[in-house]
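# Coordinates in review
Spelled out, the chains give:
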Amino acid sequence: MRADPSEKLQSAIHLLHRAGQCADDLFASHIGITDITPRQFAVLKALSISEDPSQSALVEKTGIDRSTMADIIRRLVGKSLVQRRRTRRDARMYAVRLTEKGKAALETAEPAVRQTDDRILSAIPAAQREQFLRALTKIVDTIGPGAPTKPE
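Model, not experiment: these values are computed from the prediction. Each chain has its residues counted from 1, following the order in which its sequence is written. In view of the model being predicted, local features appear only for residues whose pLDDT reaches at least 70, and side-chain atom pairs are presented and counted only at 80 or more, with totals across whole chains, interfaces and linings using the full set of residues. Hydrogens and waters are ignored; side-chain quantities use all the structure's heavy atoms.

## So, the overall build of the chain
Helices and strands together make up the secondary structure of the chain, namely six helices and two strands. Strands are runs of DSSP state E lasting at least 2 residues, helices are runs of H or I lasting at least 4, and numbering of each runs from the N terminus. Along the chain, helices and strands appear, N-terminal first, in the series α-α-α-α-β-β-α-α. Residues counted as buried form 26% of the 152 residues belonging to the chain. It only takes one pair of heavy atoms within 4.5 Å for two residues to be counted as in contact. Contacts spanning at least 24 positions in sequence make up 46% of the contacts within the chain whose residues lie at least 6 apart. Note on classification: 1.4 Å probe, protein chains only; a residue is buried when its accessible area is under 20% of the maximum for its type, exposed when over 50%, partly exposed between these limits.

## Let's talk about a nonpolar patch on the surface
Patch membership needs two things, relative accessible area over 30% and no salt bridge, and members are linked within 9 Å if like-charged or within 5 Å if nonpolar (Val, Leu, Ile, Met, Phe, Trp, Tyr). Shrake-Rupley sampling with a 1.4 Å probe provides the accessible areas, and residues are treated as covered by the protein chains on show and by no other component. Every case where a carboxyl oxygen of Asp or Glu lies within 4 Å of a side-chain nitrogen of Lys or Arg is listed as a salt bridge. Where nonpolar side chains cluster on the molecular surface, the patch consists of Leu16, Leu133, Leu136, Ile139 and Ile143 and spans about 430 Å² of accessible area. With four residues, the single largest contributor to the nonpolar patch is helix α6 (residues 129–143).

## Some remarks on the environment of Ile124
With respect to the helices and strands, the residue Ile124 is situated in the loop between α5 (100–122) and α6. If we skip the residues at most four places from it in the chain, Ile124 touches Arg129 and Phe132.

## Quick word on helix α4 (residues 66–78)
Taking 1.5 Å of rise per residue, 13 residues should cover 18 Å, and α4 covers 18 Å from first to last C-alpha, within 8% of that figure. Within α4, burial applies to Met69, Ile72, Ile73 and Leu76. The buried residues of α4 occupy an angular sector of 100° when the element is viewed end-on, so they sit on one face. Facing away from the buried side of α4 by over 90 degrees, the exposed positions are Ser67 and Gly78. In this structure, the buried residues of α4 make contact with α2 (38–48), α3 (55–62), β1 (82–86) and β2 (94–98). Between the first and last residue of a helix there are one fewer steps than residues, each counted as 1.5 Å, and that sum is the expected span. The directions considered for the arc are those from the helix axis to the C-beta atoms.

## Examining the packing of α2 against α5
Taken N-terminus to C-terminus, the directions of α2 and α5 make an angle of 120°; their axes are 11 Å apart at the nearest point. By the criterion of interaxial angle, the relationship of α2 to α5 is oblique. In the crossing of α2 with α5, the sense of the turn from one axis to the other is left-handed. Counted together, Phe41, Leu44, Lys45 and Ser48 of α2 and Leu106, Ala109, Glu110 and Val113 of α5 form the full contact between these two elements. Of the residues that constitute the contact of α2 with α5, the class distribution is five nonpolar, one polar and two charged. Axis lines are fitted through C-alpha atoms, for helices just across the contact stretch, and the angle between N-to-C directions can take any value from 0 to 180 degrees. Oblique is the label for every angle not falling under 35 degrees (roughly parallel), over 145 degrees (roughly antiparallel), or within 65 to 115 degrees (roughly perpendicular). For a crossing to be left-handed, the near helix must be turned anticlockwise from the far one by less than a right angle; the clockwise case is right-handed. Basically, the charged four are Asp, Glu, Lys and Arg, the nonpolar ten are Ala, Val, Leu, Ile, Met, Phe, Trp, Tyr, Cys and Pro, and anything else, Gly included, counts as polar.

## Notes on the layout of surface pockets
Put plainly, a pocket is an open set of points on a 1 Å grid over the protein atoms alone with protein on both sides within 12 Å along at least five of seven lines, a cavity is a set where a 1.4 Å probe fits but cannot get out, and a lining residue has an atom within 4 Å of a point. Grid points are joined across faces, edges and corners, and a volume is the space filled by probe spheres set on the points. Its boundaries defined by the atoms lining it, the largest pocket holds a volume of some 2000 Å³. Contributing to the lining of the largest pocket are 44 residues, with Gly20, Ala23, Asp24, Leu136 and Val140 lying nearest its centre. For the lining of the largest pocket, the secondary structure elements donating two or more residues are α1 (12–31), α2, α3, α5 and α6. Its residues assigned to classes, the lining of the largest pocket comprises 26 nonpolar, nine polar and nine charged.

## Examining the nonpolar core
Residues enter a nonpolar core if they are buried and are Ala, Val, Leu, Ile, Met, Phe, Trp, Tyr or Cys, with the set joined through side-chain atoms within 4.5 Å. Counting 24 residues, the largest nonpolar core has Val43, Leu44 and Leu58 as the members making the most contacts within it. Those elements giving two or more residues to this core turn out to be α1, α2, α3, α4, β2 and α5. Once residues within four sequence positions are removed from consideration, Leu44 is found in contact with Ile36, Leu76, Leu81, Val82, Leu98 and Leu106.

Structure, rendered in structure tokens:
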């Protein structure tokens with residue numbers, strides 16, 4: 001029995017995943033050859049508005065899990081976009097900072113992020129865009145890392 005092509009899968013998890021794929025594809029097309037991923041951009045951006053944060057602080061700021069953050073930082077260090085050094089207060093912790101090359105990469109990437117955001121939001125009527133962003137924020141705040149175990 002063939003499914004009706006007009007029927008669409010309405011699973012929230014599937015639609016969020018597909019929307020994420022669309023966003024990643026748009027970002028890649030806008031960013032060009034700089035080879036920065038959306039998560040790497042988020043880390044670079046968080047670093048640009050922080051003063052030598054630890055990797056743990058970056059986890060809290062971005063919501064990226066610890067093991068993924070460690071991998072992202074390792075890759076950004078390999079690209080010479082960030083520097084990592086042990087903190088004075090706790091030799092087990094790393095402080096991370098943007099290099100000049102990282103600052104330039106962030107500056108280059110910001111227009112691509114704006115273009116991607118604009119394109120994503122253009123799919124939604126202008127009057128509903130703020131509500132859409134609030135709904136996404138609510139999802140993250142309610143069930144994301146560090147959220148209470150039971151929704152409000």
